[in-house]
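# Fold and geometry: a report
What follows is each chain in one-letter form.
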Amino acid sequence: MTATRVLVLNSGSSSVKYQLLDMRDSTRLAVGLVERIGEQSSRLRHTPLTDGSEARERTGPIADHAAALKAVAEELAKDGLGLDSPELAAIGHRVVHGGQSFTEPTVIDDIVLAEIERLIPVAPLHNPANLTGIRTAQALRPDLPQVAVFDTAFHTTMPESAARYAIDVETADAHRVRRYGFHGTSHAYVSRATATLLGRAPEDVNVIVLHLGNGASASAVRGGRCVDTSMGLTPLEGLVMGTRSGDMDPAVIFHLMRVGGMSTDDIDTLLNKKSGLIGLCGDNDMREITRRIDEGDERAKLAFDIYIHRLKKYIGAYCAVLGRVDAIAFTAGVGENAARVREAALAGLEPLGPAVDADLNAVRGDEPRLISPAGARVAVAVVPTDEELEIAAQTYALVDR
């Protein structure tokens, strides 16, 4: 029997998201989430998708990632999808930061693990959790290929003119300071799916991808290759996000230290967890913000306007970077569901080519779709992202060959 299944693991500091897919036809067999690992109130929610069974939930303490993955394996086994199945070809792991070392999916060995660990200083919140998930999965199935798919890999095609900051080169190189970009699996999937939607090959299409969730990033993709992206050394740079500030004068940090008496940890918390939409108006849910705007809330309106202003600046900048733009694609939670955001982001940019049809924009759906009027010089698309499928596809392609 040919092994065609891939288990995708996304290990966070206190959670594990997972999906099991059959890559013969990209069918999802099961999905689930373990959260609050290490607490008394841990919870595992597992949904089998093969026979219409209802979701199952278990609560109670799950001590660590090893216990979490053991529990996941038990739930999968109940559905006849156990990790000991000969049909399981590989386990694919989302790894947030691959630096310059990893430009494509990579079979994990001791050298790869050491490099992921070496990159912890530039991804202190994510890489340690990713490593924990990998090592736990290796202990469960030491005989099975484990593949790392890196958030940063898609952006490694950026030219040096886009990737380098204008600081002393020796200092930058000594401390690996450069723009890496994130959400790469999403940008890769959506740019390719947008080309398919247009009936064209990815290498023939220039796309601006707008991944708008609680974390948000933009990318300029020329012929299937990223040439610029909004996030930088960390996911803090770029667009206004749910709790992150995005672009800001770096001297604000010095000012807050000297005048505000804030520590580096205080400022880190401020910019990553207490800024963006939540810092501006107290909410980071775009649905709640638009509800408040409709009720006349001025703080919510200002937060929305700042969010849109930054987004519009990046769209215009990436039109300039690409020269020719064939499509602008909205994706992720806000991008896929907030019609008002899509309309506002492109309002006034009609001279650059994009246009939004109000009726098409109002339609909700789970499939990729165009929301621009027929004949628009730049197509506007809503493309639901599928990072798990992208990770599974890259993992399977690697082990299959």
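Residues numbered from 1 in each chain as written. Predicted model: local features only at pLDDT ≥ 70, side-chain atom pairs only at ≥ 80, totals over all residues. Heavy atoms only, no water.

As recorded in an unreviewed UniProt entry, the chain goes by Acetate kinase and comes from Streptomyces neyagawaensis. Under Pathway (unreviewed entry), UniProt gives the following word-for-word description of the chain: "Metabolic intermediate biosynthesis; acetyl-CoA biosynthesis; acetyl-CoA from acetate: step 1/2." UniProt, in the comment section headed Subcellular location (unreviewed entry), describes the chain in these words: "Cytoplasm". (UniProt positions renumbered as here; feature names shortened; annotations may be inferred.)

## Considerations on the UniProt feature "binding site: Mg(2+)" (unreviewed entry) in the chain
As annotated by UniProt and renumbered to match this structure, "binding site: Mg(2+)" (unreviewed entry) occupies N10 and E387. These annotated residues cover 378 residues of sequence, and their C-alpha atoms all fall within 10.2 Å of one another, placing them together at a single site. Set against the second largest pocket, the annotated residues named above that line it are N10 and E387. The exposure class assigned to N10 is buried, which follows from its relative accessible area of 18%. With residues near it in sequence (within four places) discarded, N10 still touches S15, V16, K17 and R94. Note that E387 resides in helix α15 (residues 387–400). Setting aside residues no more than four positions away along its own chain, E387 makes contact with T185, S186 and H211. In this structure the side chain of E387 is engaged in a polar contact, spanning 3.4 Å, whose partner is the side chain of T185. (1 Å grid on protein atoms, 1.4 Å probe; cavity = no way out; pocket = protein on both sides within 12 Å on 5 of 7 lines; lining within 4 Å. Buried < 20%, exposed > 50% of the residue type's maximum accessible area, 1.4 Å probe, protein only. Contact = heavy atoms within 4.5 Å. Helix = DSSP H or I, 4+ residues; strand = E, 2+ residues; numbered from the N terminus. Polar contact = N/O pair within 3.5 Å; in protein donor to acceptor, adjacent residues only side chain to side chain.)

## Description of the packing of aromatic side chains
All chains considered together, the criterion is met by two aromatic pairs. Both rings, one in F102 and one in F150, keep their centres 4.4 Å apart while their planes meet at 5 degrees; by these two values the pair is stacked. With F102 in the loop between β6 (88–95) and β7 (106–107) and F150 in strand β8 (residues 146–150), the pair connects residues that are 48 residues apart, well separated along the chain. Using a relative accessible area of 2% as the deciding quantity, one classes F150 as buried. Aromatic side chains Y314 and Y318 sit 5.7 Å apart centroid to centroid with 75 degrees between the ring planes, which places their arrangement in the edge-to-face category. With Y314 and Y318 both in helix α11 (residues 298–322) and four residues apart, this pair spans about one turn of that helix. For Y318, a relative accessible area of 2% puts it in the buried group. (Phe/Tyr/Trp six-rings, centres within 6.5 Å; stacked < 30°, edge-to-face > 60°.)

## A word on the sheet that holds β7
Pairing in this open sheet of eight strands is mixed, and the strands run β5-β4-β3-β2-β1-β6-β8-β7 from one edge to the other. If you trace the sheet from one side to the other, it starts and ends with β5 (56–59) and β7, each paired once. Across six bridges, the pairing between strand β3 (residues 27–35) and strand β4 (residues 43–48) is antiparallel. Bridging across to β4, V34 finds its partner in L44. Seen against the sheet, helix α1 (residues 65–78) touches β1 (5–11), β2 (16–22), β3, β4 and β5 and runs at an angle of roughly 150 degrees to β5. (Pairing = 2+ DSSP bridges. Axes fitted to C-alpha atoms, helices over the stretch in contact; angles between N-to-C directions.)

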